[in-house]
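Chain residues, written in single-letter form:
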Amino acid sequence: MHIRTAFPYETTHEDLWIPLADGTRLYARMWRPRTEEPVPALLEYLADRLSDSTAPRDAQRHPWYAGHGYASVRVDARGHGNSEGVPAGMETIEAADGVEVVHWLAARPWCDGRVGMFGISRGGDLSLQVAARAPEPLKAVVTVCSADDGFGPGVGPGPDRGGDALLTTGAHARAAAALAHVARPPDPAYVGEAMWRGLWADRLEAVDRFIRTRPPHPARGVHGGDGIGENTENAENTENTENGAGDAGDESGAGDEGRGGTPGDLSAIRAAVLAVGGWHDPHRDAVLRLVQGLPPDRVRGLIGPWSHQYPDQDRSPGPAIGFLQETLRWWDHWLGRPRTPAPTAPATRTPSDADPAPDPNPDPNPDPEPRTPAGPGTGAGPVMSEPLLRSYVMDAHPPATAPSVLSGRWVGDTAWPSPLVTPVTHPLRGAPVLVRSPQHTGVDAGRFRPAGGDADLPPDQREEDARSACFEFEVPGETWILGSPCVRLRLTLHAARGQVVARVCDVAPDGSSTLVTRGARIMSARHGRDQVTRRVPGTAEDVRLDLAAIGYAVPPGHRIRLALSSAYWPWVWPEPGSEAGFTLDPSASSLELPVRARESGPTITFAEPQHSVPLGVVSAPTLDEPRPEQRVVHDVAKDEWCLEAVPHHHGTRVHPDGLAHTEEALETYSVREADPLTARARSSWSVRLHRAEPPGVWDARVEVRSEVTCEHDDFIASGELVCKDGDEVVFHRTWEQRIPRTAGRRPGDDIGASAERSTRR
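Since the model is a prediction, treat every value here as computed from it, not as a measurement.

The next thing to look at is the packing of helix H1 (residues 55-67) against helix H9 (residues 323-334). Helix packing for two helices is described by the angle between their axes and how far apart those axes are. Where H1 contacts H9, the two axes come as close as 11 Å, and the packing angle between them is 40°. The angle between H1 and H9 places the two elements in the oblique class. H9 is crossed by H1, and the crossing has right-handed handedness. In this structure, H1 uses Gln60, Arg61, Trp64 and Tyr65 to contact H9, whose residues at the interface are Phe323, Leu324, Gln325, Thr327, Leu328 and Trp331. Taken together, the residues of the contact of H1 with H9 sort by class into 6 nonpolar, 3 polar and 1 charged.

What follows is the structure, encoded as structure tokens:
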């Protein structure tokens, strides 16, 4: 990683308020070049906290863009961070607010009227939602690890979604973290001692609606094509610190259960879209759907080996690329920038505005001279001469939970689906087989949304394979898989409800099994996740599963293994009766692999990663032994299996402004081997925001505890939220909800049927 200290433009930064039409003010932080000429604006807008949660990541990116001639602006959505108002759903107010912000930026005297938007995860989602409303100043978007749901056939819900909704326990933990996040107060150091308590009170009064519509729960529709997960917003890695204490790619869980996109019209998007993802991110299929669904003169796709993080992070798995330089090419083409820096206006210098010192480590990939693009909106120029989709085909590798670099090669495809990809069918063989997996099958699945942690990716799959029915295929030579494999199965269920999970693994000559991709289907969700379609036990039927897209090269001497199971805890909440399993008829079943021609793209190269100077957030020392990121415990007497998971940003981080930000969390998922109704998910989150020095002593705490259990026909969700100012309890809420167990029902949808207890102080 090269740390850039000298840029073509001197820069300045300031915090400001952006007024909305209804009188609400959004808190913003802006970095811009010192020039008298108006410049394009770049907007990162999301439901998070720019003064603490995303501050380290913001310091890596926004000053870098400003140093290259753009006004780069980070804005907290209403009801989040230091912004006024109360939290709102993305599908309603947040996107409309984003449109207002775009117009406000375009009208500033320092802006030339052209705006770009970028973001990762929820921020990327919002960029697409704002673009779908087609504000005229918005010319270009960069969306990273984002969902594209809700844009209609071919680009919205993936091929399994709706009728193949699954129930994921990971959503429960992320929703608990979302609640802990949304209940945090604004920071008095930025909004003032006179305002923060009132803003917090308004926010907490609105939390009842948040609990009712987005309670911590086990259910969220998921899709095999997205790595089995539609994945609500992350709660595992809210903070990006340069010392590795957090994830560079994630926002907090604010508003998680609103994720997955908003109903919109893809054809309404007029801005150019650069869609970016990673093969180890659950949303990588969205990149393929976007490049397929948007006009080719306004879209490009990029998929690397990465997890849920920006591609320039030095985290597992790599290799990282110079992503800021790559996006600069995008902005230069679609927004343009001055040919040469204009004379700087006189200004009072502050330490943060000081002239940069000579760079002691010159950039090995210096910027080209600032250039005027071929013309915004023309679709011409070098960046649009790149292939429609650039993707990384990973080499085979031994199982590893945190590989540093995965070798492979970049390939370019001028269309998607690609004419260079051919479906190859492998029939299954053998006599009918009963698949009756123990309920803890899935404990070696890895983290639902990996982001560079030590225990994120799946370990050796041999134990999982032993709990599954397996079929193996020889490969005639090196085989490049690029796209979404498909499994067609003839199944006979032995109960009215159940699920089937398919994994494709690469088996090396030494017997080790590396997970390549996977997918799942809830058998009772034929007509959507809002209703249960009960199967007639003993009746055979044909089922199709579209697995998550992948780029992977299987070498000669390796075998491809298809592993089928009837359980996948804790990723998939087990259906009642699923312990009976199903019978598979191999003679009417097959695995279809998308095999790409072995033609790489030798001209596809990227610069080395670079950032601007780190913010200086540090992890506070502790004498406590760190918990394992993931640990599996087997209670032999009860025959109960428990997975304990600790989010990556566990601990205390100290910011340069004196803020100490502490988060402690633990997620546990337990189930007995033979009883799906014993499945239980628990999550606890504790957040402390503490400042012991001037400008003001401050000590705010938020604690969330939640649990989900199940019966044959219902989920039971319970929890508690406590907020404190010092030792004073300012808000206390408990709840208990009974939610009808439809195929993919979200607890809270039938809130009128719930029993709820609450107290406030």
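Back to the text.
Further remarks concern the pattern of salt bridges. This structure, assessed with the given rule, holds 45 salt bridges. Between Arg688 and Asp699 there is a salt bridge; the shortest N-O distance is 2.9 Å. Of the two residues, Arg688 sits in strand E30 (residues 675-691) while Asp699 sits in strand E31 (residues 698-710), which places them 11 residues apart along the sequence. For Arg688, a relative accessible area of 26% corresponds to the partly exposed category. You can call Asp699 buried: its relative accessible area is 17%. Beyond isolated ion pairs, a larger network of salt bridges with shared partners links Asp465, Glu472, Arg503, Arg559 and Arg561.

Moving on, we get to the sheet that holds strand E14 (residues 469-474). The strands that make up a sheet pair up through hydrogen bonds in the backbone, lying either parallel or antiparallel. The strand order across the open sheet formed by 4 strands is E14-E21-E17-E18, and the pairing between neighbours is antiparallel. In the strand order of this sheet, the two ends are held by E14 and strand E18 (513-522), each with one partner. When strand polarity is set aside, the average angle formed by the axes of neighbouring strands in this sheet is 20°. For strand E17 (residues 499-507) and E18, the ladder comprises 9 bridges, and the chain directions are antiparallel. Along E18, the bridge assignment pairs Val500 with Arg521.

Here the focus is H9. For H9, spanning 12 residues, the distance from its first C-alpha to its last is 17 Å, which sits close to the expected 16 Å at 1.5 Å a residue. For H9, the buried fraction is high: 11 of the 12 residues fall into the buried class. Taken together, the buried positions of H9 are Phe323, Leu324, Gln325, Glu326, Thr327, Leu328, Trp330, Trp331, Asp332, His333 and Trp334.

What follows concerns the packing of aromatic side chains. Two numbers describe a pair of aromatic rings. These are the distance of the centres and the angle of the planes. For the structure on display, the rule yields 18 aromatic pairs. Ring centres of Tyr392 and Trp410 lie 5.1 Å apart, and the angle between their planes is 65°; on these two criteria the pair is classed as edge-to-face. In this pair, Tyr392 is assigned in strand E10 (residues 389-395) and Trp410 in strand E11 (residues 408-413), connecting sequence segments 18 residues apart. Across this residue pair, the class does not change: Tyr392 and Trp410 are buried. An aromatic cluster is built from Trp64, Tyr65, Phe118 and Trp331, whose rings are joined through pairwise contacts. Positioned over the ring face of Tyr310 is Arg61, at 3.8 Å from the centre of the ring. The ring centre of Trp104 lies 4.2 Å from the NZ or CZ of Arg108, which sits over that ring.

This brings us to the nonpolar core. Counting 117 residues, the largest nonpolar core has Trp330 and Trp331 as its most contacted members. When near neighbours in sequence (up to four residues on either side) are disregarded, Trp331 contacts Leu42, Tyr65, Tyr70, Gly116, Met117, Phe118, Ala140, Val141, Val142 and Gly336.

Within the secondary structure layout, Ile560 lies in strand E21 (residues 559-565). A sequence separation of 46 residues divides Ile560 from Thr514, and the C-alpha atoms of the two residues are 9.9 Å apart. With near-sequence residues (within four places) excluded, Ile560 lies in contact with Phe471, Glu472, Phe473, Val475, Val504, Cys505, Val554, Leu591 and Leu593.

What follows is about the side chain of His397. Here His397 is to be found in the loop between E10 and E11. The residues touching His397, leaving out its near neighbours within four places in the chain, are Leu406, Asp506, Thr514 and Tyr552.

A few words now on the confidence of the model for the chain. The share of residues in the chain with pLDDT of 70 or more is 79%, and the mean pLDDT across the chain is 84. Below pLDDT 50 for its whole length, residues 744-761 participates in 61 contacts with residues either more than four positions away or in separate chains.

Okay, unusual backbone geometry next. Between Trp416 and Pro417 the backbone carries a cis peptide bond, its omega angle lying at 0°. For the bond running from Trp569 to Pro570, omega is 10°, close enough to zero to count as cis. Position of Pro570 among the secondary structure elements: in the loop between E21 and strand E22 (582-584). The phi dihedral of Ala134 falls on the positive side, at around 55°, and the residue is not glycine. Its location among the elements puts Ala134 in the loop between helix H3 (122-132) and strand E7 (138-144). With a phi angle near 55°, Asp639 is a residue other than glycine that sits in the positive phi range. Mapped onto the elements, Asp639 comes out in the loop between strand E26 (630-635) and strand E27 (640-645). Classification of Asp639 by relative accessible area gives partly exposed; the value is 29%.

Cut-off values and rules
- Residues numbered from 1 in each chain as written.
- Predicted model: local features only at pLDDT ≥ 70, side-chain atom pairs only at ≥ 80, totals over all residues.
- Heavy atoms only, no water.
- Axes fitted to C-alpha atoms, helices over the stretch in contact; angles between N-to-C directions.
- Helix = DSSP H or I, 4+ residues; strand = E, 2+ residues; numbered from the N terminus.
- Parallel < 35°, antiparallel > 145°, perpendicular 65-115°, else oblique.
- Left-handed = near helix turned anticlockwise from the far one by under 90°.
- Contact = heavy atoms within 4.5 Å.
- Nonpolar A, V, L, I, M, F, W, Y, C, P; charged D, E, K, R; others polar.
- Salt bridge = Lys/Arg side-chain N within 4 Å of Asp/Glu carboxyl O.
- Buried < 20%, exposed > 50% of the residue type's maximum accessible area, 1.4 Å probe, protein only.
- Pairing = 2+ DSSP bridges.
- Expected span 1.5 Å × (residues − 1).
- Phe/Tyr/Trp six-rings, centres within 6.5 Å; stacked < 30°, edge-to-face > 60°.
- Lys NZ or Arg CZ within 6 Å of the ring centre and 35° of its normal.
- Core = buried A, V, L, I, M, F, W, Y, C linked by side-chain atoms within 4.5 Å.
- pLDDT = per-residue confidence, 0-100.

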